[in-house]
Amino acid sequence: DSGVTQTPKHLITATGQRVTLRCSPRSGDLSVYWYQQSLDQGLQFLIQYYNGEERAKGNILERFSAQQFPDLHSELNLSSLELGDSALYFCASSPSATRVYSTDTQYFGPGTRLTVL
Amino acid sequence: SQELEQSPQSLIVQEGKNLTINCTSSKTLYGLYWYKQKYGEGLIFLMMLQKGGEEKSHEKITAKLDEKKQQSSLHITASQPSHAGIYLCGADGPFQGAQKLVFGQGTRLTINP
């Protein structure tokens, strides 16, 4: 158990809908990351938040947005869903924003499997 | 942008045998991470390497980062069924105020009894 929790574990929805994925980081971690894992694209970085502020953006679609709340949990919002958005969505957390020490490792949650029908 | 290539893409070995998985980067590696993923589940952190020539071990798994810091290898000694899964290498670049990891495509390891 990494200490990172994600809900829900599974989500099935229809095209055009909007969903929210939730992540709680490990105790004491200030950074939260979102990744998407699909068969064709592999594991791709989407976005990073550090202490409530957006820190880095990756290949995140404009239909997707995220935020980190004062209690440090994060939500990933996916809207106007398409079939191609079906994937495993992972949240990870780390103590700081950058790799300063060897302990600044990203620990991953169990993921949310999104199926868009 | 940095790209990571893992080889082999899949590996089938008999229980008890040794094996090696490689991760080659198109650019200098500043932080190289190895994770293991059970099929359809979350990633489990194994090791992180930062310095050229660095080697770390955990139980029967050893990871090395070569001197030129563009390749890493993961070696498993006396493989067991519990070692089966997908091994992913991930890397981040030089300090840029953030920590976004780029991952290889993964190596699927099957252990036959």
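Residues numbered from 1 in each chain as written. Chains lettered and ligands numbered in written order. Predicted model: local features only at pLDDT ≥ 70, side-chain atom pairs only at ≥ 80, totals over all residues. Heavy atoms only, no water.

A. Fine view of the packing of aromatic side chains. The tally for this structure, following the rule as stated, stands at eleven aromatic pairs over all chains. Ring plane angle 65 degrees and centroid distance 5.6 Å describe the contact between Y107 of chain A and F45 of chain B, whose orientation is recorded as edge-to-face. On the criterion of chain membership, the pair formed by Y107 of chain A in strand β10 (residues 107-108) and F45 of chain B in strand β5 (residues 43-49) is interchain, its members lying in two chains. Measuring from ring centre to ring centre gives 5.8 Å for Y35 of chain B and F45 of chain B, while their planes differ by 70 degrees; the resulting arrangement is edge-to-face. Taken together, the positions of Y35 of chain B in strand β4 (residues 31-37) and F45 of chain B in strand β5 put the pair ten residues apart, joining distant regions of the chain. Classification of F45 of chain B by relative accessible area gives partly exposed; the value is 22%. The rings of Y35, F45, F90, Y107 and F108 of chain A together with Y33, Y35, F45 and F103 of chain B are connected pair by pair, giving a single aromatic cluster. (Phe/Tyr/Trp six-rings, centres within 6.5 Å; stacked < 30°, edge-to-face > 60°. Helix = DSSP H or I, 4+ residues; strand = E, 2+ residues; numbered from the N terminus. Buried < 20%, exposed > 50% of the residue type's maximum accessible area, 1.4 Å probe, protein only.)

B. Local environment of the pattern of salt bridges. Residues and elements named next belong to chain A. Under the definition given, this model contains five salt bridges over all chains. Between R26 and D29 there is a salt bridge whose closest N-O contact spans 2.8 Å. Using a relative accessible area of 22% as the deciding quantity, one classes R26 as partly exposed. Notably, a salt bridge pairs R63 with E82, separated by 3.7 Å at the nearest N-O pair. Residue R63 is found in the loop between β6 (53-57) and β7 (64-68), and its partner E82 is found in the loop between β8 (74-78) and β9 (87-94); the two are separated by 19 residues along the sequence. (Salt bridge = Lys/Arg side-chain N within 4 Å of Asp/Glu carboxyl O.)

C. Representation of the interface of chain A and chain B. With 26 residues of chain A in contact, the opposing surface of chain B contributes 22 residues. Of the roughly 1,900 Å² buried between chain A and chain B on both sides combined, carbon and sulfur atoms contribute 53%. One can count zero salt bridges joining chain A with chain B. In this assembly, chain A and chain B are joined by three residue pairs in polar contact (both at pLDDT 80 or more). Those elements that place two or more of their residues in the side of chain A that touches chain B are β4 (31-38), β5 (42-50), β6, β9 and β10 of chain A. The class makeup of the residues in the side of chain A that touches chain B is twelve nonpolar, nine polar and five charged. (Contact = heavy atoms within 4.5 Å. Buried area = accessible area lost by both parts, 1.4 Å probe. Polar contact = N/O pair within 3.5 Å; in protein donor to acceptor, adjacent residues only side chain to side chain. Nonpolar A, V, L, I, M, F, W, Y, C, P; charged D, E, K, R; others polar.)

D. Broad picture of the layout of surface pockets. Size it by volume and the second largest pocket reaches roughly 260 Å³. Contributing to the lining of the second largest pocket are 15 residues, with D1, S2 and F108 of chain A together with L43 and I44 of chain B lying nearest its centre. Elements with a minimum of two residues in the lining of the second largest pocket: β10 of chain A together with β5 of chain B. The leading source of residues in the lining of the second largest pocket is β5 of chain B, at three residues. (1 Å grid on protein atoms, 1.4 Å probe; cavity = no way out; pocket = protein on both sides within 12 Å on 5 of 7 lines; lining within 4 Å. Points joined across faces, edges and corners; volume = space filled by probe spheres on them.)

E. Geometry of the nonpolar core. Residue and element names in this part refer to chain B. Residues L19, I21, L32, W34, L74, Y87 and L109 are the most contacted members of the largest nonpolar core, which totals 22 residues. Those elements giving two or more residues to this core turn out to be β2 (10-14), β3 (19-25), β4, β5, β7 (61-65), β8 (71-76), β9 (85-92) and β11 (107-112). Excluding anything up to four places from it in sequence, L19 contacts L11, V13, L74, H75, I76, S79, L109 and I111. (Core = buried A, V, L, I, M, F, W, Y, C linked by side-chain atoms within 4.5 Å.)

F. Seen up close, the sheet that holds β3 of chain B. All names here are of chain B. Strand order in the open sheet formed by five strands is β1-β3-β8-β7-β6, with antiparallel pairing between adjacent strands. At either margin of the open sheet sits one strand with a lone partner, and together these are β1 (4-7) and β6 (55-58). Neighbour to neighbour, the strand axes of the sheet diverge by 15 degrees on average, direction disregarded. For β6 and β7, the ladder comprises four bridges, and the chain directions are antiparallel. Residue pairing for β7: K56 is matched across the bridge by A63. (Pairing = 2+ DSSP bridges. Axes fitted to C-alpha atoms, helices over the stretch in contact; angles between N-to-C directions.)

G. Representation of the pairing of strand β3 (residues 19-24) of chain A within the structure. All names here are of chain A. Only one face of β3 is covered, namely the one carrying V19, L21 and C23; the face carrying T20, R22 and S24 has none of its residues buried. Taken together, the three bridges between strand β1 (residues 5-7) and β3 define a ladder with antiparallel strand orientation. Note on β3: the bridge partner recorded for Q6 is C23.

H. Region of interest: the sheet that holds β7 of chain A. Residue and element names in this part refer to chain A. Here we have four strands laid out as an open sheet, ordered β1-β3-β8-β7, and antiparallel in their pairing. In this open sheet, the two strands that pair with only one neighbour each are β1 and β7. Shown here is a sheet whose adjacent strand axes are inclined to one another by a mean of 15 degrees, direction ignored. Pairing between β3 and β8: five bridges, direction antiparallel. Bridging across to β8, V19 finds its partner in L78.

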